[in-house]
Amino acid sequence: MYLWVCKIKHTTFNHLKIMYNRLISFANLEEDSVFLFGARQTGKSTLLQVRYPDAIYYDLLERSTFERLQRNPALLEQELSVLPNDTLVIIDELPLMPILLDQVHRLIVRKNMRFILTGSSARKLKRQGVNTLGGRAMIRTLYPLVSAEIPDFELNRAINQGLLPRHYMAKPAVARERLKAYISVYLKEEIKAESLVRNLQTFNRFLEVAALTNGEMVNYSNIASDCGIDNKTVKEYFAILEETHIGYMIPAYQKVVKRKLRQSPRFYYFDVAIPNYLLSRHNLQPGSADFGHAFEHLLIQELIAYMGYHQYENQLSYWHTYQDQEVDAILGDAQVAIEFKSTTEVQKRHLSGLKAFKDEHPDARLIVVSLDERRRLLGDIEIIPAAEFLQDLWADKIYTQD
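K.L.:
Is there a simple way to explain the sheet that holds strand 5 (residues 88-92) in this structure?
P.N.:
In a beta sheet, neighbouring strands are held together by backbone hydrogen bonds and run either parallel or antiparallel to one another. With parallel pairing, the five strands of this open sheet are ordered in space as 4-5-6-3-7. The two strands at the open ends of the sheet, each matched to only one other strand, are strand 4 (56-59) and strand 7 (137-141). Ignoring which end each strand starts from, the neighbouring axes of this sheet average 15° apart. Pairing geometry for strand 3 (residues 33-37) and strand 6 (residues 114-119), over four bridges, is parallel. Along strand 6, the bridge assignment pairs Leu 36 with Thr 118. Relative to the sheet, helix 3 (residues 74-81) contacts strand 4, strand 5 and strand 6, its axis offset from that of strand 4 by approximately 165°.

K.L.:
Looking at this model, I keep getting lost on the layout of surface pockets. Mind explaining?
P.N.:
By rolling a water-sized probe across the atoms, one finds the places where empty space is left. When its volume is computed, the second largest pocket comes out at roughly 620 Å³. Every residue lining the second largest pocket is counted, 31 residues in all, and those nearest its centre are Gly 292, His 293, Glu 296, Glu 326 and Phe 340. Those elements giving two or more residues to the lining of the second largest pocket turn out to be helix 9 (200-212), strand 9 (266-269), helix 13 (289-309), strand 11 (326-331), strand 12 (336-340) and helix 14 (352-360). Considering each element in turn, the lining of the second largest pocket owes the most residues, eight residues, to helix 13.

K.L.:
I would appreciate a short explanation of unusual backbone geometry in the present structure.
P.N.:
Note on backbone geometry: most residues besides glycine have negative phi, and most peptide bonds are trans. Of note in this structure, Glu 93 is not a glycine but carries a positive phi near 60°. Within the element layout of this structure, Glu 93 appears in the loop between strand 5 and helix 4 (100-111). Note on Glu 93: relative accessible area 7%, which makes it buried.

K.L.:
Where do I start with the environment of Asn 160 in this structure?
P.N.:
Positionally, Asn 160 belongs in helix 6 (residues 155-161). Setting aside its immediate chain neighbours within four residues, Asn 160 contacts Asn 276, His 282, Asn 283 and Leu 284. A distance of 3.0 Å separates a polar atom in the side chain of Asn 160 from the backbone oxygen of Asn 156.

K.L.:
Help me understand helix 4, please; the structure alone is not making it clear to me.
P.N.:
Within an α-helix, residues lying three or four positions from one another point in the same direction, as the helix has 3.6 residues per turn. End to end, helix 4 covers 16 Å across 12 residues, agreeing with the expected 16 Å (1.5 Å per residue, within 8%). Of all the positions in helix 4, only Leu 100, Leu 101, Gln 103, Val 104, His 105, Leu 107, Ile 108 and Lys 111 are classed as buried.

K.L.:
Explain the sheet that holds strand 12 to me, please; I cannot follow it from the model alone.
P.N.:
Spatial ordering of the open sheet is given by 10-11-12-13-15-14, a layout of six strands whose pairing is mixed. At either end of the open sheet lies a strand with only one pairing partner, and these are strand 10 (316-320) and strand 14 (376-378). Within the sheet, the average angular offset between the axes of one strand and its neighbour, ignoring direction, is 30°. In the sheet, strand 13 (residues 365-370) pairs with strand 15 (residues 381-385) via five bridges, with the strands oriented parallel. In the sheet register, Leu 366 faces strand 15, and the bridge partner there is Ile 381. Those strands touched by helix 15 (residues 386-394) are strand 12, strand 13 and strand 15, and its axis lies near 100° from that of strand 15.

K.L.:
What is the right way to look at the packing of helix 10 (residues 220-227) against helix 11 (residues 231-243) in this model?
P.N.:
Geometrically, a packed helix pair is captured by the angle between its two axes and the distance between the axes. Axis separation between helix 10 and helix 11 bottoms out at 8 Å; the angle between their running directions is 100°. When the interaxial angle is binned, helix 10 and helix 11 end up roughly perpendicular. Of the residues in helix 11, those in contact with Tyr 220, Ser 221, Ile 223 and Ala 224 of helix 10 are Asn 231, Val 234, Lys 235 and Phe 238. Among the residues making up the contact of helix 10 with helix 11, the classes are represented as five nonpolar, two polar and one charged.

K.L.:
What exactly am I supposed to notice about the packing of helix 13 against helix 15 here?
P.N.:
Remark: helix 13 packs on helix 15, axes separated minimally by 11 Å, with the N-to-C direction vectors making an angle of 10°. When the interaxial angle is binned, helix 13 and helix 15 end up roughly parallel. Mapping the contact onto sequence places Phe 295, Leu 299, Glu 302, Leu 303, Ala 305, Tyr 306 and Tyr 309 in helix 13 and Ala 386, Phe 389, Leu 390, Leu 393 and Trp 394 in helix 15. In the contact of helix 13 with helix 15, the residues fall into 11 nonpolar, no polar and one charged.

Rules used throughout
Residues numbered from 1 in each chain as written. Predicted model: local features only at pLDDT ≥ 70, side-chain atom pairs only at ≥ 80, totals over all residues. Heavy atoms only, no water. Pairing = 2+ DSSP bridges. Helix = DSSP H or I, 4+ residues; strand = E, 2+ residues; numbered from the N terminus. Axes fitted to C-alpha atoms, helices over the stretch in contact; angles between N-to-C directions. Contact = heavy atoms within 4.5 Å. 1 Å grid on protein atoms, 1.4 Å probe; cavity = no way out; pocket = protein on both sides within 12 Å on 5 of 7 lines; lining within 4 Å. Points joined across faces, edges and corners; volume = space filled by probe spheres on them. Buried < 20%, exposed > 50% of the residue type's maximum accessible area, 1.4 Å probe, protein only. Polar contact = N/O pair within 3.5 Å; in protein donor to acceptor, adjacent residues only side chain to side chain. Expected span 1.5 Å × (residues − 1). Parallel < 35°, antiparallel > 145°, perpendicular 65-115°, else oblique. Nonpolar A, V, L, I, M, F, W, Y, C, P; charged D, E, K, R; others polar.

Given below as structure tokens:
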């Protein structure tokens, strides 16, 4: 699948210029408009300004623009009506003023204008029943940076500091301060300003408990008990994280062959640095349990982005039996089964989950991603160093849709 390559300059703490090759498909933009969603600071605005420098641009985070259109939303249609047909228009942070969608819809129909409409949250659009353009806009998500977008990608840096552009290349202390501010801004702007929850203190506690269970099967009752709230509220809080692109639920693989399978989803924050900060994890080093959790999270994060950019919907899951045999990632309908082990030498004792899965799905490709120095075979299981796995993933050598 063809992915646009958009080179974005980013200034690091040592004033070097880093070129981030953002990978995202805007295929068919000549014919369709786009909703571009993604968490704050993933780089949506910078991507579009560099990729489409000649587009007409409305930034609703700019106070004067917001206030002008809030007073008179009809100005948008009046201003754009004088421009040529097929003009490309970018409206940044459109969910701040969803009423503009009615005018966007008319301009698409009457003048064949094309729009890219960005936002950090789809929640308002989903919950308020606003005009969603009648299927005239594609939906795309911009994820944090991925390994294939970063020259000289450093696995340990990514595990410790995450892959938000402003955080990845910062000094460790600076990255932690930026992450602290990021979470505070998220709570203030995405939760308090939109009145999504009544009790911010309880929600803050929920964020910490969600970090403790990050990468594990979600047990709503246990989380509710830890937070002092009911199951319904916990489910609503998780829905908030998903709809604001702060977290993802990975479903359980459900095709039962011999063994009865667990059905609860697993939750992951959208960036490994979020649970790192919430759990006070820093300076993670190979060999520790915390490093192992972050190692798995980072690789799941890359798989989520890969599947998203390639439009492979509902093709990432995990496998867990009632006998506690498990596989971290299943791609497609059991085409590929992947375990993540942060050991420097994978041994036979690490393979029980994959072997159990192979017993039920004999045609599956079996992979362990590890910190081994060299790629090798252990029986019919491929042992692939993490850096090589990521290279193969983005070169479409691990999985392609049938």
